[in-house]
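# Tertiary structure, described
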Amino acid sequence: MTTARVLVDLGSRKYPILIGSDTMGGLGASLRENGLTQRDAFVITNPAVGAHYFDTVRQSLEDSGFRRVVRHDIPATEQGKNWEEFTKACAGMLESFPDAGAIPLVVLLGGGVVGDLGGFAAAVFRRGVPFVQIPTTLLAAVDSSVGGKVAVNFGGVKNIMGAFSQPRLVFCDLGVLRTLDAREVRSGTAEIIKYGAVCSESLFRQLEDGALERVLALEPGTLTDVVAQCCRLKADVVEKDELDKLGIRNVLNFGHTIGHGLELSAEYALTHGEAIAIGMVAATRMAVKLGMVGPEFENRLFSLIRRAGLPMSFSGTPGLYDAVIRAMQSDKKFRDGRNLFVLPTAIGAWAPRENVDWGLVGDCVRGVIS
Ligand SMILES: NC(=O)c1ccc[n+]([C@@H]2O[C@H](COP(=O)([O-])OP(=O)(O)OC[C@H]3O[C@@H](n4cnc5c(N)ncnc54)[C@H](O)[C@@H]3O)[C@@H](O)[C@H]2O)c1
Ligand SMILES: [Zn+2]
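Residues numbered from 1 in each chain as written. Chains lettered and ligands numbered in written order. Predicted model: local features only at pLDDT ≥ 70, side-chain atom pairs only at ≥ 80, totals over all residues. Heavy atoms only, no water.

## Focus: the overall build of the chain
Within the chain, the secondary structure is distributed over 13 helices and eleven strands. In terms of C-alpha radius of gyration, the chain reaches 20 Å, essentially the compact-globule figure of 21 Å for 370 residues. Considering only C-alpha atoms, the chain reaches an extent of 60 × 45 × 35 Å along its principal axes. Here the analysis covers contacts within the chain between residues at least 6 apart in sequence; of these, 75% occur between residues at least 24 apart. For the chain, the exposed area adds up to about 14500 Å²; of that, 50% sits on carbon and sulfur atoms. Considering the chain, the positive charge centre built from 39 side chains and the negative charge centre built from 41 side chains are found 3 Å apart. (Helix = DSSP H or I, 4+ residues; strand = E, 2+ residues; numbered from the N terminus. Rg over C-alpha atoms; globule rule 2.2 N^0.38 Å. Contact = heavy atoms within 4.5 Å. Areas by Shrake-Rupley, 256 points an atom, 1.4 Å probe, with all protein chains shown as cover. Lys, Arg positive; Asp, Glu negative; His and termini not counted. Charge placed at Lys NZ, Arg CZ, Asp CG, Glu CD.)

## Examining the side chain of Thr257
Mapped onto the elements of the fold, Thr257 is located in helix α9 (residues 256-265). Note on Thr257: relative accessible area 4%, which makes it buried. (Buried < 20%, exposed > 50% of the residue type's maximum accessible area, 1.4 Å probe, protein only.)

## Some remarks on the site of ligand 1
Among the 25 residues in the neighbourhood of ligand 1, the closest are listed as Glu78, Lys81, Thr136, Thr137 and Thr179. Between ligand 1 and the protein, one listed contact pairs an oxygen atom with a side-chain N or O atom of Lys81 at 2.7 Å. One nitrogen or oxygen atom from the side chain of Thr137 is found 2.6 Å from an oxygen atom belonging to ligand 1. When isolated, ligand 1 has an accessible area of 870 Å², and the protein chains bury 88% of it. Among the elements of the structure, α2 (47-63), α4 (112-124), α5 (138-144) and β8 (157-164) are those that each provide at least two residues to the shell around ligand 1. Looking at the shell around ligand 1 residue by residue, the class counts come to eight nonpolar, nine polar and eight charged. In terms of domain composition, the shell around ligand 1 takes at least three residues from each of domain 1 (4-179) and domain 2 (182-367). (Near = heavy atom within 4 Å. Polar contact = N/O pair within 3.5 Å; in protein donor to acceptor, adjacent residues only side chain to side chain. Nonpolar A, V, L, I, M, F, W, Y, C, P; charged D, E, K, R; others polar. Domains from an automatic or database assignment.)

## Concerning the coordination of the zinc ion (ligand 2)
Around the zinc ion (ligand 2), the protein contributes the donor atoms Glu191 (OE), His256 (NE2) and His272 (NE2), at 1.8 to 2.1 Å from the metal centre. Mapping the donors of the zinc ion (ligand 2) onto the primary sequence gives the spacing E-x64-H-x15-H. Highlighted residues: His256 in helix α9 and His272 in helix α10 (residues 272-289), separated in sequence by 16 residues. (Donors = N, O, S within 2.8 Å, 3.2 Å for Na, K, Ca; no water.)

## Thoughts on the sheet that holds strand β9 (residues 169-173)
The sheet built from seven strands is open, its strands ordered β1-β2-β9-β6-β5-β3-β4 with mixed pairing. Two strands close off the open sheet at either side, each with one partner strand: β1 (4-8) and β4 (68-73). Between one strand axis and the next, the sheet turns by 15° as a mean value, whatever way the strands run. Contacts from α4 reach β3 (40-45), β5 (105-110) and β6 (131-135), with the element oriented near 165° to β5. Packed onto the sheet, helix α8 (residues 220-240) meets β1, β2 (15-20) and β9 and runs at close to 10° relative to β1. (Pairing = 2+ DSSP bridges. Axes fitted to C-alpha atoms, helices over the stretch in contact; angles between N-to-C directions.)

## Some points on the nonpolar core
Soluble globular proteins: nonpolar side chains tend toward being buried together. Val227 and Leu301 are the most contacted members of the largest nonpolar core, which has 104 residues in total. The residues contacting Val227, other than those within four sequence positions of it, are Ile19, Leu138, Ala141, Val142, Cys172 and Leu174. With 23 residues, the next largest nonpolar core counts Ile44, Val70, Cys90 and Val114 among its residues. (Core = buried A, V, L, I, M, F, W, Y, C linked by side-chain atoms within 4.5 Å.)

## A look at the domain arrangement of the chain
Partitioning the chain into domains gives domain 1 (4-179) and domain 2 (182-367). In this complex, domain 1 contributes 32 residues to the contact, which on the side of domain 2 involves 33 residues. Both sides of the domain 1 and domain 2 interface together cover about 2900 Å² of buried area, and 67% of this is carbon and sulfur. Applying the counting rule to domain 1 against domain 2 returns five salt bridges. The shortest N-O distance in the salt bridge between Lys158 and Glu263 comes to 3.5 Å. Across the contact surface, domain 1 and domain 2 share eleven residue pairs in polar contact (both at pLDDT 80 or more). Of the residues in the side of domain 1 that touches domain 2, the class split is 18 nonpolar, seven polar and seven charged. (Buried area = accessible area lost by both parts, 1.4 Å probe. Salt bridge = Lys/Arg side-chain N within 4 Å of Asp/Glu carboxyl O.)

## Examining the pattern of salt bridges
Counted according to the given criterion, the structure contains 21 salt bridges. Measuring nitrogen to oxygen at the nearest pair gives 2.7 Å for the salt bridge that ties Asp73 to Arg71. Connected via shared salt-bridge partners are Asp143, Glu191, Lys194 and Lys234.

## Digging into α9
Where burial is concerned, most of α9 is hidden: ten out of the ten residues are buried. For α9, every residue scored as buried is listed here: His256, Thr257, Ile258, Gly259, His260, Gly261, Leu262, Glu263, Leu264 and Ser265. On its buried face, α9 sits against β8, α6 (182-199), α10, α12 (320-329), β10 (340-346) and α13 (358-367). Note on α9: the residue one or two positions beyond its end, Glu267, has a positive phi of about 50°.

## A closer look at the packing of aromatic side chains
The final tally for this structure, using the stated rule, is five aromatic pairs. Arranged with centres 4.8 Å apart and planes meeting at 50°, the rings of Trp83 and Phe86 form a pair that is tilted. Within this pair, Trp83 and its partner Phe86 are both found in helix α3 (residues 83-96), separated by three residues, close to a single helical turn. Exposure remark for Phe86: the relative accessible area of 5% places this residue in the buried category. An aromatic cluster is present here, built from Trp83, Phe86, Phe120 and Phe154 joined pairwise through their rings. Between Arg71 and the ring centre of Phe54, over which it is positioned, the NZ or CZ distance is 5.2 Å. (Phe/Tyr/Trp six-rings, centres within 6.5 Å; stacked < 30°, edge-to-face > 60°. Lys NZ or Arg CZ within 6 Å of the ring centre and 35° of its normal.)

And the structure:
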């Protein structure tokens, strides 16, 4: 069986990402081997994921000596990634583990919503308790479970309340993707295409040469290889700019500026990955209009997005355009009306572009809304 191990080297906060297929039964043993000695576990999941995998997780933890395994469910959708659910998770931890001397290991079993909300709860409960990520979506495996950004949405702004807090370990069993909706698998490929487009020409070529279809078919060898490459690319960025202070981490936001605006404004009719695919289309057209990249990039990227079955535009309600612009203007990266876009300059390369003319931004947004 193909397995991979990627180390996120952040000095005293370093941690491994263990990638394999059908490995969940070995979770507890892996945690112990990697020095996680807690007696109890607080598992945050949602009803859909929990129904499939909680029993296996609990059994594996108990087999490795965890005495108490408490389950806490949050809603299964992005709308549930909110302040109220975050406080409920904190209340659940306090209720189950009121004693400061018995801190549990927080286990985040789910996609990006569980990982972001649960990671935030673990980051602030008792000023931070250890947590591990068990990503169960392709998107969480290649992106959200790695890097330590944890958050909830608040006041209509995505991820506005959050923290930086690194997991102790990421345990990625890609076998769980077999129960994931095909739409969610396609969504995950948006982030994979993003890595190739702005971080790695070789990954992009590999996707073009058929790895994309093998990922969509959940072929274990290709999946492990591609997920490991994406985790390595993300780890490289996070190692250089853990706290997102140097602008290096911005690369991960290719397609996300317009994408996030669309994701929120479309009232969750789009998945995160679908919104990001559309955001990459808009950002690429912007880069072409600004003369930063040629039409060949556009052709190759759009062709991969199409092959992944991802959307390139969205037909919404009449007020959608204004809502997207408003949502973008509340972006954390924008200051004093100056915007900041991550734009491609070649396959596998990018540059930041500040203060793009709002007229051009508007054209690019209009171009993906029908
Ligand atoms: N922290 C970061 O760095 C980062 C990076 C990228 C995205 N994100 C966040 O991630 C979130 C999106 O995450 P997501 O795409 O994983 O969506 P998600 O967590 O909403 O999961 C998608 C759906 O799939 C279901 N599901 C999950 N795993 C399953 C499985 N194995 N089998 C059956 N059903 C399963 C879930 O119940 C849910 O309904 C967004 O909130 C986004 O902001 C965070
Ligand atoms: Zn994303």
